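Take a look at the letters that make up each chain.
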Amino acid sequence: MQDNQPPAAKPTPLTRRKFVGAIAAVGMSAVLGEVLLTYPPWLDYGRQEKSIWTTPFQTGTALPAQMREIVRCATLAPSGHNTQPWKFAVLGDTIHILPDLSRRLPAVDPHDRELWISLGCALENLTLAANAAGYDAESALPTSSSDFISAQLVRHPLPAPLFNAIPHRQNNRSLYDGRPVSSAEIRMLEAVKSSGGVTTQIFTDTSHKEAIIEYIKSGDRKQFGTPAFVSELTSWIRFNQPEALRSRDGLYTRCTGNPDVPRWLGSRFLAASTAGQQADTSAQKARSSSGLIVISAAQDDKQHWIETGRLYERLVLTTTAAGLQTAFLNQPAEVPELRSQFQSYLRLGTALPQLVLRFGHGLALPHSLRRPLDDVLV
């Protein structure tokens, strides 16, 4: 699940050096002319980003207005490729979170596993926002007769220590500086509450990291050797600010540490990148990180996927509050033939790996945008 990012997914292979070289090859004036002159609205990106991520949370308002504020915080959750695959329905004191199947990722997520994980992340944000507003959110997960999540708000002040980290969280796909984290920070990560049959494993030693990196590289070689995967990924990359402003979703290249380019150049460069280059890029990013975390679940169903998302969100909000960066490297959990091998390596028994992420020290990048609230309210 790569937004702010999220993403589900996977880091893009675009590097600043390669992009700049490509720009030089075709002519700087032609490239920048298309980006800057055809689409002058790119200048508004910073203002849009600020309005989404730094708008103060309003409390003490009438319930309908408060519900909109709570939903707004839920939309700041991460999702695969920043697809934002959710809709929200407000009915009295209850908020329903519904899957938006028009924003599925059939190539990388054919069973909607990561889509429901994204909805779990949104539920966790919603719960924290409700707590900050003085409510408890009593959630009900999907059943055989309902294919959505419900959260009923009940007036009951609860502590929400992670709420203030929501506007600062991002899926930071850049290289980190390789510095180790302290034992106190590891204990902090280990203390993040698990629930619903979902657990975490934290790896900071070189031997385990290198073994997991081999699975990540194998996943990259498989995925980037599949035309449908590359096509789907390309369709969700926003290669310049005008594209990001128009869609307000997807993976904006500036949020991954890469420069703006026209779509024709970015998509051509991505198509020309080899699976081996992608694997090497992911390995470099993993090795620049302080550690890797695997989140696993006892079963592969919607309830466990939602609980995976909730645990993941608590985990990354905890790292955010501690000044650490995180990013997905989900390839071992996304490629079916690798997933079972990875499961055996981790000695999970019948449990299944759901997410893989890296953490460490790095510089913050711009945040991804979010669609307007009225676009996701039904």
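Residues numbered from 1 in each chain as written. Predicted model: local features only at pLDDT ≥ 70, side-chain atom pairs only at ≥ 80, totals over all residues. Heavy atoms only, no water.

Engineer: When you look at the sheet that holds strand S2 (residues 94-99) in this model, what are you seeing that I'm missing?
Structural biologist: As a general point, the strands of a sheet are linked pairwise by backbone hydrogen bonds and lie either parallel or antiparallel. Read from one edge of the open sheet, four strands run S1-S2-S4-S3, paired in antiparallel fashion. Among the strands making up the open sheet, the edge pair consists of strand S1 (86-91) and strand S3 (135-140). The average undirected angle you get between the axes of adjacent strands in this sheet is 25°. The sheet contact formed by S2 and strand S4 (residues 149-155) spans four bridges and is antiparallel. (Pairing = 2+ DSSP bridges. Helix = DSSP H or I, 4+ residues; strand = E, 2+ residues; numbered from the N terminus. Axes fitted to C-alpha atoms, helices over the stretch in contact; angles between N-to-C directions.)

Engineer: Which parts of the structure should I look at to understand the confidence of the model for the chain?
Structural biologist: Confidence along the chain averages 90 in pLDDT terms, with 89% of residues attaining 70 or more. Here residues 2-13 is modelled with pLDDT under 50, and outside its nearest four sequence neighbours on either side it reaches 96 contacts, counting other chains as well. (pLDDT = per-residue confidence, 0-100. Contact = heavy atoms within 4.5 Å.)

Engineer: Would you explain the packing of aromatic side chains in this entry?
Structural biologist: With the rule as written, the count across this model stands at seven aromatic pairs. Ring geometry for Trp86 against Phe88: centres 6.5 Å apart, planes inclined by 50°, an arrangement best described as tilted. Each member of the pair, Trp86 together with Phe88, is buried. Consider the rings of Phe224 and Phe229, whose centres lie 5.1 Å apart with planes at 80°: the pair is edge-to-face. No difference in accessibility class separates Phe224 from Phe229, as the two residues are buried. Ring-pair connections join several aromatic residues into one group, and the members of that group are Tyr215, Phe342 and Tyr345. A cation over an aromatic ring shows up here: Arg155 above the ring of Tyr135, its NZ or CZ 4.2 Å from the ring centre. Over the ring of Tyr176 we find Arg358; its NZ or CZ atom is 4.1 Å from the centre of that ring. (Phe/Tyr/Trp six-rings, centres within 6.5 Å; stacked < 30°, edge-to-face > 60°. Buried < 20%, exposed > 50% of the residue type's maximum accessible area, 1.4 Å probe, protein only. Lys NZ or Arg CZ within 6 Å of the ring centre and 35° of its normal.)

Engineer: Which parts of the structure should I look at to understand unusual backbone geometry?
Structural biologist: Leave glycine aside and you will find that most residues have negative phi; peptide bonds, for their part, are mostly trans. Look at Gln84: it is not a glycine, yet its phi comes out positive at around 55°. Among the secondary structure elements, Gln84 is positioned in the loop between helix H4 (63-74) and S1. For Arg347, which is not glycine, the phi dihedral falls at a positive 55°. With respect to the element layout, Arg347 can be found in the loop between helix H14 (336-345) and strand S10 (352-360). A residue is classified by how much of its surface remains accessible, and Arg347, at 77% relative accessible area, is exposed.

Engineer: Would you mind showing me how to read the nonpolar core here?
Structural biologist: Soluble globular proteins: nonpolar side chains tend toward being buried together. The biggest cluster of nonpolar side chains holds 64 residues, and the ones touching the most others in it are Phe88 and Ile295. The element best represented in this core is helix H5 (residues 113-132), accounting for 11 residues. Dropping the residues within four chain positions of it, Ile295 is found in contact with Val198, Thr199, Thr200, Thr308, Leu311, Tyr312, Leu315, Leu352, Pro353, Gln354, Leu355 and Leu357. In terms of nonpolar packing, the next biggest core, distinct from the first, is built from 17 residues, Ile216, Ala283, Leu348 and Val356 among them. (Core = buried A, V, L, I, M, F, W, Y, C linked by side-chain atoms within 4.5 Å.)

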